[in-house]
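# Architecture and fold: a report
What follows is each chain in one-letter form.
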Amino acid sequence: MTSTTSNSGAGERRDVITFAINGERYDVKAGEYDVTTSLNSFIRKQASLKGTKLACGQGGCGACAVNLSRLEDGNIVYLSVNSCLRPLGLMDGWSVTTTEGLGDSKRGFHPIQERIAQFNGSQCGFCTPGMVMNLYSALKEKPERSMQELEARMDGNICRCTGFRPILDAIKSFAVDSNTQNLVNKDLPFSHGPYNAHNDPKFPDFLHTVSRTRQIQFTDPHSRTWTRPSTLQEALQLSASSNSSSTKLVFANTSVGYYPEEQKTVKNYIDISNLEELKQHSTDPEKGITVGAGVTITAFIAYLRATEAKNGNNVSKVKHLNALANHAYRVAGTHVRNIASIGGNLIIAKQKGFVSDLATILLGAKATVTYVKNGANNLEYSEQSLEEFLRAPQLENNQILFSITIPWTNDNTYFATYKAAPRPQQAVASINSAFWFDVDRNNGIVQDVVLSFGGVMTEDAPGSHAIRAKRAEDAIKGQNIREKKTIEAAMEALKQDFSSNSGERDQAGGEVKYRERLVSGFLYKNFISVLGAINPNGGDVKIDSRVVSATIDPAVRTEVSHGVQRFKDVEEAKDEKQMGTVGKAIPHLSAKIQAAGEAVYTDDIGELEDTLYVAIVMAREPTKILTAIDKSGALLIPGILGVLDVRDVRGKNNALNSTEVEIFVPIGQEVKYDGQPAALVVAKNEKLARRGADAVKLTYTANNRNAAVVRTIDEALKEGGQRISPVRTESKIGDVDKEDAAELGPGDRRATGTVYIGTQHHFYLEPQTAYVVPDESLCYSVYSPNQWPDAASATVAEFLGVDYNQVRSIQRRSGGAFGGKVTPTNIVACCAALAAQKYKLPARCALDRYEDFKISGGREETKANYNVKFDAQGKIKSLRVDGWLNAGFTEDMSVITNQEFMHGITQSYYIPNVKAESTLVKTDLANRTTMRGPGNTQASFTIEHVMEHIAHELNLPAYEIRERNLLSETNRIGREGKRIESFTLPEVWNKCKETSDVERRRSEVELFNRDNRWKKRAIEMTSCNFNVMVFPRQALINIYSDGSIVVSHGGSEFGQGLHTKVAQAVEYELSRAGAQIGLDKIKFGDTRSDVIPNALFTGGSTGSEGTVEAARRAAEQLVSRLSPVYANLVAKALKDKAAEAVSSVVPAAGAAASTSEAKKEIPNTPPQPNQNADSPTWKELCFAAKMSNVNLSAVGTWEGQDANSLTYNIFGAAASEVEVDILTGETTIRRVDIVQDCGRSINPAIDIGQVEGAFLQGCGHWIREHVEYGLNGEHKSANVFKYHPPCGKDVPHTWNVELISRDYDKGIFGSKASGEPPLILATSVALAVRSAVSSARRDAGLNEFFILEAPITPEIIQQACGTKDSELRL
């Protein structure tokens, strides 16, 4: 970076931005950069600091979080922010700290980095730097924090691997009130208590003199301007002289996360982030609280709380501030609230129809707004109600929102806010509301009322905004709140308010009926709350104690999460065989470097000179014919080299040699799905490539079939024909036809039903990316984060038209995968490879989150019809299942899912006669692929609903039906009727019952449900029976003369701890040569198709096991070569020692005889490692072996097939308790107890982390992660604001996990897999939700059997409860 000006005052114009990154000064001539360049891009590309990740680019996951600090009023402020949203233009005067600035393996790790690693809080590691920086900022801002504060702080970060729990525990260990009883990993050597910032990075001295008010102005290479005025008056002048349609006032720029398209139309940016006039706040004894429009949401919350505390002796005037602050805390996440302004939030609510929580609660609080404009001689201020502001036309060019004023409450005021959202944190509201009631305590007359609602009008439509329910207000005002007629009239009027304002809703946030119930439910809750706060006597209203719990907000959690992990570490198992570190609970070997940002992922690889960037032009019209690609607009943009399409492909335009998996849409053929690549734009940088992709125009015509887009199974079945795939799987046990032909015996019955399960996205944090480097002899190195390097190299080779040995697929680690990087990764790799081949230069292609959603497909949508025959005791006699799986536009990996669905349909139950058939159907969606627990997940949900149905028919508890049908020692029948070995189900089931205390707690749940109408609890216990095969694996071990070791293998590390387990096995096996080695001696080579060719994909939970055994066998070969060398070294050492001893005590003449005697005492076998001081070290052994020309390389193979195959069953059980808000459908997971059989775990810390991560991912599938497609096949959930994986508050309040330790004698080191079975156990959460809904339905007089579609979102829950309008009365 070059400096062209010195620090200047407010009056000077400058185009240089001065800031620091990890203490290093950057003077950036901003005009050389695209005005939309983000801090994240600068950190990664210009500063070359790759620890800060780019996962979503929308401000919704926190992987990009960094700390910003700046000098303000003599104090240094600290903020965590999303670097992906912050433009470079806003960085003047700021100091940036990334995780690299805290510590690393050379300088020493920072306590936060170390603590997260120690607590096993890093698996794939892609989210870890963001977690580190979030906590760092929190502790820099306020070193002494409580566990509750720190746990709540993680609302802006998402982890897909760990299940959050170890991260939360690591974070809470820094709290002032933490102790070992609160934390799972309580035996670690660390001290609890306040954070010690002694060694933290210092604020740079040179930034002390940078003025926050100095003017900045520059024009970027695309003629877009950025101007930072130093005064409000100057900002108004700039705004007045600009074209309003292409000018944007910028405070924090966070809106681009939600509305990314706006960046394409803005030509002029006016930076108002440093205008002190907009950041003031004050109180007025008469008017109330006034806060500037430029006050951040975080500062707003702090000011509300401070004002409330200051007025402790006059609480009547601040009765609304706590509710406002609590609700504001639910706006976005911490990183957004820290920089987003109140005014900016209100502006996007006004201009774009954003469902703003702030607009709704401030409207309910009777807020007014003031805007300002330049007058003839001075500034002119105008005030209006927030209602008028939201409803009025857009502000004029010469107007800026200046402040918001909130009036005081009075002694008769009752104020409350409500919000219903798809998840408890980081989610836009489905409906929000705020209510202000002034009620005379004596007579109950409502003197004034405001009913504010957001989300009622059409979402994200200009002109939509929060509204007041005026008809309902009129029905309440002047009436006695203690009389039933008041709420009855209000509810009727509210219906009219809603119907006149609802407009046309899309389905993303819920259907109209769901929103109607939320609106009426919130008002009902508020009536109960107000009546509970005043003396209800004097009217005909009687508040039933059963309805009071309706007022408790499910999103408010005062207690911190906690739990217990139980497993047997080898150090505790003194009676068991010792195998070095095998069996020890050691953290992931890469955890520390992942936390410090040193771990390298594909997009972190240093780029070679002249690297090209590839952007995909996606076709957006499924089923239509692509007739033309107009490249002219893109080719006019300087810096774009070309636009490629299928005509540039020299090989085959398909993946995995499948003629149906077309990568590009051929011109003249149908578009297969929304997002299919049509062309590639190749440019000198990523911004140019994406700009060029927007400039390419695609032309379509209707298909000859004139058929509608097919999205669902039912639509495919209706159309029939080629939509029905020939891929069909059948599973049989016993003779269903014979059993069904027999007459029904006494008490026998039948039940039929249909189960529907939606899709789920993998949502790995690292998006699909590839970097391809051309080499000599037409060879290519393909860097790709895939689960199947061999298939990647083969696919790219076929695509380029070269031999397989000309393509090297290279993978070091992946930032999560879950099955989504088996085949979709190859599409991106082929795109980068095509550019590399065409231009003979390195090429990079990286998808953003929106594109990744579209291409990656997800779990197969499933439909299953069942027909079950059972006796009077509920024991199943026969079961028929007809299933269908939505494969997307082609079968691909869905063939595997289909097989697993059918073969896993019985799960842990003994069913003597089964006939299950399932067929794939093809739709106009991206092809689905395997996802964690493929098939078995759907099978569990299906069979458990069968159990529920039987229980309903017999009027028995479902848990009794489950227990009566469980596999037993006498009936341990698995797939295809084969007997199950290593059968641990009875032990696992009984252990879970015992530790969860489930029988006693069921009684408590029944009592709670009896006493509560609007909150329902339920506890359900389910099991899993997961069958796996350990597939063939290969490993290569190279030992160097200094004793260091490199292991290469065909597996892919994506967070499951494969490398860690392999290192443990290699260390143990090589130590058998005689000398002790340490894990620090073992490193891993990249997974490369030219080193380990023909390797299978890593998946099915057993990649670690097979690779461990392959590596052990390689080590075994090396031991056989090293052992003689070790024996010779020991013999020589003893000989030398004997000779030395003899020479010191025996005369020279007798030396020979004494030495001869000493030889007789040399042992024939080498001693155990480091048995005595004379034993050679590992380094000495390796050097001696080299000098003896011993081959120190070995390849080991685990064949894993045919006669050598290893298949086994994994059993687990989980008891889950939930609480459901019947009026909103929101679910809280109160407690989960899991017992899992992992055999004799190779690494319990890794395995228990896999259990927790899989389980929470399963919870996401069942109750959170809804995906929606529009009528034209467009993906409507393709961003982090519409798709909702679990967040920190989804972690069970109490979470106990136990691994039973049973040495599986046929297993590798006696172990069993852990990665997928626990996801199936999350079905217990879905069933608990169903049971809670069932309780509510019984209260509503509904007793028929029902099945909830999955995912069981708040909308589905609330509507299934069957609440009648007449029940929302008092």
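Predicted model, so just to flag it, every value in this text is computed and none were measured.

Moving on, we get to the overall build of the protein. From N to C terminus, the protein includes 37 helices and 43 strands. Over its C-alpha atoms the protein spans a radius of gyration of 33 Å, differing by no more than 12% from the 34 Å that the globule rule assigns to 1370 residues. Projected onto its principal axes, the C-alpha positions of the protein cover 120 × 95 × 75 Å. When the 1370 residues of the protein are sorted by exposure, 64% land in the buried category. Contacts in the protein between residues far apart in sequence, at least 24 positions, make up 78% of those at least 6 positions apart. Counting only carbon and sulfur atoms, one obtains 48% of the accessible surface of the protein, whose full area is about 47900 Å². Computed over 154 positive and 163 negative side-chain charges, the separation of the two mean positions in the protein equals 1 Å.

Now for the sheet that holds strand E41 (residues 1207-1221). Backbone hydrogen bonds hold the strands of a sheet together, and the pairing may be parallel or antiparallel. Taken together, the five strands give an open sheet; going across it, the order is E20-E43-E42-E41-E35, and neighbouring strands pair in mixed fashion. Edge strands, defined here as strands with exactly one partner in the open sheet, are strand E20 (562-566) and strand E35 (1015-1029). Taken over all neighbouring pairs, the strand axes of this sheet differ in orientation by 10° on average, direction set aside. As paired strands, strand E42 (residues 1227-1237) and strand E43 (residues 1294-1300) are joined by seven bridges and run parallel to one another. By the bridge assignment for E43, Ile 1234 is matched with Val 1297. Sheet strands touched by helix H36 (residues 1323-1339): E35, E41 and E42. Its angle to E35, the strand with the most contacts, is close to 150°.

This next bit is on the environment of Pro 166. Within the secondary structure, Pro 166 sits in helix H5 (residues 165-172). Sequence spacing of Pro 166 and Ile 1039 is 873 residues, and the spatial spacing of their C-alpha atoms is 35 Å. Those residues in contact with Pro 166 that sit more than four places away from it in its chain are Phe 119, Asn 120, Gly 121 and Glu 1252.

So, on to the confidence of the model for the protein. Mean pLDDT over the protein works out to 92, with 94% of the residues at or above the 70 mark. Here residues 504-510 scores under 50 on pLDDT; set against residues more than four positions off or in separate chains, the count is 18 contacts. Residue range residues 1149-1171 is modelled with pLDDT below 50. Its contacts to residues more than four positions away, or to other chains, number 26 contacts.

With respect to the helices and strands, the residue Gln 1064 is situated in helix H30 (residues 1058-1071). Under the relative-accessibility criterion, Gln 1064 is labelled buried at 0%. Reaching out from Gln 1064, the side chain makes a polar contact with the side chain of Asn 1243 at a distance of 3.1 Å.

This paragraph deals with the sheet that holds strand E7 (residues 215-219). In spatial order, the strands read E1-E7-E8-E10-E9; together these five strands make up an open sheet with mixed pairing. Strands with a single pairing partner mark the edges of an open sheet, and in this sheet they are strand E1 (13-14) and strand E9 (247-250). Across two bridges, E1 lies against E7 in parallel orientation. Bridge pairing in E7 links Arg 13 to Gln 215.

Interhelical geometry of helix H26 (residues 936-954) versus helix H27 (residues 958-965) gives an angle of 115° and a closest axis separation of 8 Å. The handedness of the crossing between H26 and H27 comes out as right-handed. Between H26 and H27, the contacting residues are Glu 944, Met 947, Glu 948, Ile 950, Ala 951 and Leu 954 on the first element and Ala 958, Ile 961, Arg 962 and Asn 965 on the second.

Among the secondary structure elements, Glu 1109 is positioned in helix H31 (residues 1103-1145). Among the polar contacts listed, one links the side chain of Glu 1109 to the side chain of Arg 1112, at a separation of 3.0 Å. A distance of 2.9 Å separates the side chain of Glu 1109 from the side chain of Arg 1113, its partner in a polar contact. In this structure Glu 1109 touches Trp 1198 and Ile 1308, once residues within four positions along its chain are discounted.

Counted according to the given criterion, the structure contains 109 salt bridges. For the salt bridge of Arg 1112 with Glu 1069, the shortest nitrogen-to-oxygen distance reads 3.5 Å. Of the two residues, Arg 1112 is situated in helix H31 and Glu 1069 in helix H30; the sequence distance between them amounts to 43 residues. Of the two residues, Arg 1112 and Glu 1069, both sit in the buried class.

With that settled, consider the packing of aromatic side chains. In total, this model carries 30 aromatic pairs according to the counting rule given. Ring geometry for Phe 664 and Phe 799: centres 6.2 Å apart, planes at 25°, overall stacked. Here Phe 664, found in the loop between strand E23 (640-644) and strand E24 (676-683), pairs with Phe 799, found in helix H22 (residues 789-800); they are 135 residues apart in sequence, far enough to count as distant. By the burial criterion, Phe 664 is buried, and Phe 799 matches it. With centroids separated by 6.2 Å and ring planes inclined at 50°, the aromatic side chains of Phe 1031 and Phe 1097 adopt a geometry described as tilted. Placement of Phe 1031 in the loop between E35 and strand E36 (1033-1039) and of Phe 1097 in the loop between strand E39 (1087-1088) and H31 is noted, with a sequence separation of 66 residues between them.

Moving on: the pairing of strand E34 (residues 914-921). Taken across its eight residues, E34 has eight buried, putting it largely inside the fold. Residues Val 914, Ala 916, Ser 918 and Leu 920 line one face of E34 and the alternating positions Lys 915, Glu 917, Thr 919 and Val 921 line the opposite face, and both faces are buried. Two elements, strand E26 (residues 724-733) and E34, share seven bridges in a ladder whose sense is antiparallel. Considered in E34, the bridge of Thr 729 is made with Ser 918. Sheet analysis places strand E33 (residues 876-886) next to E34, joined by eight bridges and oriented parallel. Counterpart to Leu 879 in the pairing with E34 is Val 914. With respect to chirality, the unit in which E33 leads through helix H25 (residues 894-903) into the neighbouring parallel E34 is right-handed.

Calculation rules
- Residues numbered from 1 in each chain as written.
- Predicted model: local features only at pLDDT ≥ 70, side-chain atom pairs only at ≥ 80, totals over all residues.
- Heavy atoms only, no water.
- Helix = DSSP H or I, 4+ residues; strand = E, 2+ residues; numbered from the N terminus.
- Rg over C-alpha atoms; globule rule 2.2 N^0.38 Å.
- Buried < 20%, exposed > 50% of the residue type's maximum accessible area, 1.4 Å probe, protein only.
- Contact = heavy atoms within 4.5 Å.
- Areas by Shrake-Rupley, 256 points an atom, 1.4 Å probe, with all protein chains shown as cover.
- Lys, Arg positive; Asp, Glu negative; His and termini not counted.
- Charge placed at Lys NZ, Arg CZ, Asp CG, Glu CD.
- Pairing = 2+ DSSP bridges.
- Axes fitted to C-alpha atoms, helices over the stretch in contact; angles between N-to-C directions.
- pLDDT = per-residue confidence, 0-100.
- Polar contact = N/O pair within 3.5 Å; in protein donor to acceptor, adjacent residues only side chain to side chain.
- Left-handed = near helix turned anticlockwise from the far one by under 90°.
- Salt bridge = Lys/Arg side-chain N within 4 Å of Asp/Glu carboxyl O.
- Phe/Tyr/Trp six-rings, centres within 6.5 Å; stacked < 30°, edge-to-face > 60°.
- Right-handed = clockwise from strand over helix to strand, strands pointing away.

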